[in-house]
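# A closer look at the structure
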Amino acid sequence: MRTQKLMTGLFLCGGAILWSGCGSAEKKSAERIVTVRTEQVAPSAGASMLNYVGTVEEESGAGLSFKVQGTVLRTYADEGQQVHKGMLLAELDAASLRQTYNAAKASFEQAEDAMRRMKTLFDGGSLPEIKYIEVQTKLEQARSMYEIAKQNLSDARLIAPASGVIGRRAVEAGENALPGKTAFTLLDIRTVKVKVSVPEQEIARITTETEAVITVPALGNKTYTGRIAEKGVVANAMAHTYDARISLPNKDNTLMPGMVCNVSLALDGEGQKPFIVVPNRAVQVSDTDRRFVWCVKDGVATAVTVETGALTERGVIITNGLTEGMEVIVEGMQKLSEGTKVKKS
């Protein structure tokens, strides 16, 4: 009995020591101080930012139409569908075209047979030359009618001339298709352009070297970076604006024509409101794709969510989240967590 009490006492004592040690370790960890380097937030001098609303456009587009009239039998492509060159998009009811083709083919074969027989007579001197020329003419006429009927039958099938995405389908099964009337709009979106309308008082400050950051709300505020690829030279007479376009690669086809986006252009010189710039390394990305920076407040590190803009020679533009006077940690972020005590180097 005494032995059991002794063992129990030793166990409780050991547990107390272990708990005391753990508490000391946690306390020591909590009191850990990380040395960091900070920069005070201040508007960037001699720089400005222009913000616009832009629209995604296809690199190129083409309207596809039937070359012959007829009733649409069926369609094989829908809007937004990716198609490849040579793919069948739609076809007409070709019953009457096929009958015309069969008749033209029969006439052509008959004319060929007549030509063979008449040539034998002409070579033997039994057929006047004028009659032989008449037979040749009829053969050429029959051949032309046959080729036209053959082409018309082929044109009852609408084939994609190139790979791309169907932007609009304007026909349905049972409708009457007319030659030249657009049935499908085929878009090339492997590369897209973002169009913005720039006021005339600002267009002179934009060049083909101007960097841009595009944020697309429809894609969860996904951001893209690019440069101005085209700068219009003719103004919109009503709005007094010029069109500028930013070219963006779109290998995964996520950017679709018509998407509205926010465009930020980083400029140098006087003009627009100054913006805040921090070193690119100061901006962190969380597991949920949230952008944030570490700031010092009351001697501890705290994460501040930010929205970023264009990349400049000075760093990345912060469009929202920071205010003048805040201290942003620019070195030593690797060992930080929320509430970690810090000291400035």
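Residues numbered from 1 in each chain as written. Predicted model: local features only at pLDDT ≥ 70, side-chain atom pairs only at ≥ 80, totals over all residues. Heavy atoms only, no water.

A tally of regular secondary structure across the chain gives 3 helices and 21 strands. For the chain, with 345 residues in total, the buried portion stands at 34%. Restricting to contacts in the chain with at least 6 residues of sequence separation, those with at least 24 account for 74%. In the form shown here, the chain has an accessible surface area of approximately 20800 Å², with 52% of it arising from carbon and sulfur atoms. (Helix = DSSP H or I, 4+ residues; strand = E, 2+ residues; numbered from the N terminus. Buried < 20%, exposed > 50% of the residue type's maximum accessible area, 1.4 Å probe, protein only. Contact = heavy atoms within 4.5 Å. Areas by Shrake-Rupley, 256 points an atom, 1.4 Å probe, with all protein chains shown as cover.)

A word on helix H3 (residues 129–154). With 26 residues, H3 should reach 38 Å at 1.5 Å per residue; the first-to-last C-alpha distance of 38 Å fits that figure. Every buried residue of H3 is listed here: Tyr-132, Val-135, Leu-139, Ala-142, Tyr-146, Ala-149 and Leu-153. For H3, the elements touching its buried residues are helix H2 (95–123). (Expected span 1.5 Å × (residues − 1).)

Turning next to the pattern of salt bridges. Summed over the entire model, instances satisfying the criterion amount to 15 salt bridges. We note a salt bridge from Asp-123 to Lys-119, for which the minimum N-O separation is 3.0 Å. In this pair, Asp-123 and Lys-119 both sit in helix H2, 4 residues apart, roughly one turn of the helix. The exposure class assigned to Asp-123 is exposed, which follows from its relative accessible area of 54%. (Salt bridge = Lys/Arg side-chain N within 4 Å of Asp/Glu carboxyl O.)

Inspection of every chain in the model, using the stated rule, returns 4 aromatic pairs. A ring pair is formed by Phe-122 and Tyr-132, whose centres lie 4.3 Å apart and whose planes are at 5°; its orientation type is stacked. Within this pair, whereas Phe-122 is found in helix H2, its partner Tyr-132 is found in helix H3, the two being separated by 10 residues in sequence. Relative accessible area serves as the criterion here: at 29%, Phe-122 is assigned to the partly exposed category. Judged by relative accessible area, Tyr-132 falls into the buried class, the value being 10%. An aromatic cluster is built from Tyr-101, Phe-108 and Tyr-146, whose rings are joined through pairwise contacts. (Phe/Tyr/Trp six-rings, centres within 6.5 Å; stacked < 30°, edge-to-face > 60°.)

With 86% of its residues at a pLDDT of 70 or more, the chain has an overall mean of 85. Strand E5 (residues 88–92) holds the highest mean pLDDT among the elements of the chain, 96, whereas helix H1 (residues 2–30) holds the lowest, 43. Below a pLDDT of 50 lies the segment residues 1–30, which in the model reaches 0 contacts outside its immediate sequence neighbourhood of four places, other chains included. (pLDDT = per-residue confidence, 0-100.)

On to the pairing of strand E9 (residues 182–199). The sheet contact formed by strand E7 (residues 164–169) and E9 spans 4 bridges and is antiparallel. The residue of E9 that forms the bridge with Arg-169 is Phe-184. Note that E9 and strand E12 (residues 241–249) share 9 bridges and pair antiparallel. Looking at the pairing, Val-194 lines up with Ile-246 of E12. (Pairing = 2+ DSSP bridges.)

Turning our eyes to something else, we now look at the environment of Asp-93. Following the sequence through the fold, Asp-93 ends up in the loop between E5 and H2. Exposure remark for Asp-93: the relative accessible area of 42% places this residue in the partly exposed category. Between the alpha carbons of Asp-93 and Leu-73 there is a distance of 5.0 Å; along the sequence they are 20 residues apart.

We now examine the packing of H2 against H3. Two elements in contact, H2 and H3, have axes separated by 8 Å at closest approach and are oriented at 155°. It follows from the interaxial angle that H2 and H3 lie roughly antiparallel. With respect to the hand of their crossing, H2 and H3 are arranged in left-handed fashion. Here the residues of the contact of H2 with H3 are counted per class, giving 17 nonpolar, 4 polar and 8 charged. (Axes fitted to C-alpha atoms, helices over the stretch in contact; angles between N-to-C directions. Parallel < 35°, antiparallel > 145°, perpendicular 65-115°, else oblique. Left-handed = near helix turned anticlockwise from the far one by under 90°. Nonpolar A, V, L, I, M, F, W, Y, C, P; charged D, E, K, R; others polar.)

Moving on, we come to the nonpolar core. Grouped together as the largest cluster of nonpolar side chains are 34 residues, with contacts concentrated most on Phe-66, Val-83, Leu-89, Leu-92, Ile-166 and Phe-184. Sort the elements by how many residues they give to this core and H3 lands first, with 7 residues. Sequence-distant contacts of Ile-166, defined by excluding residues within four places in its chain, comprise Ala-77, Asp-78, Glu-79, Gly-80, Gln-81, Val-83, Leu-89, Phe-184, Thr-185 and Leu-186. The next biggest cluster of nonpolar side chains, apart from the first, holds 27 residues, and it includes Val-56, Ile-214, Ala-244 and Leu-265. (Core = buried A, V, L, I, M, F, W, Y, C linked by side-chain atoms within 4.5 Å.)

Let's shift gears to the sheet that holds strand E8 (residues 176–177). Sheet architecture is open: 4 strands sit in the order E6-E5-E3-E8, paired in antiparallel fashion. Both edges of this open sheet fall to strand E6 (157–159) and E8, since each of them pairs with a single strand only. Here 3 bridges tie strand E3 (residues 70–75) to E5, and the two strands are oriented antiparallel to one another. Note that in E5 the partner of Arg-74 across the bridge is Glu-91.

Time to look at H2. Look at H2: 42 Å from first C-alpha to last across 29 residues, which is about the 42 Å you get at 1.5 Å a residue. Listed as buried for H2 are Leu-97, Tyr-101, Ala-104, Phe-108, Ala-111 and Met-115. Contacts from the buried residues of H2 go to H3. Taken from the residues just after H2, Gly-125 is the one with a positive phi, measuring 80°.

Time to look at the environment of Glu-140. Structurally, the position occupied by Glu-140 is in helix H3. The exposure class of Glu-140 is partly exposed, given its relative accessible area of 44%. Glu-140 sits 32 residues away from Phe-108 along the chain, and the two C-alpha atoms are 8.6 Å apart.

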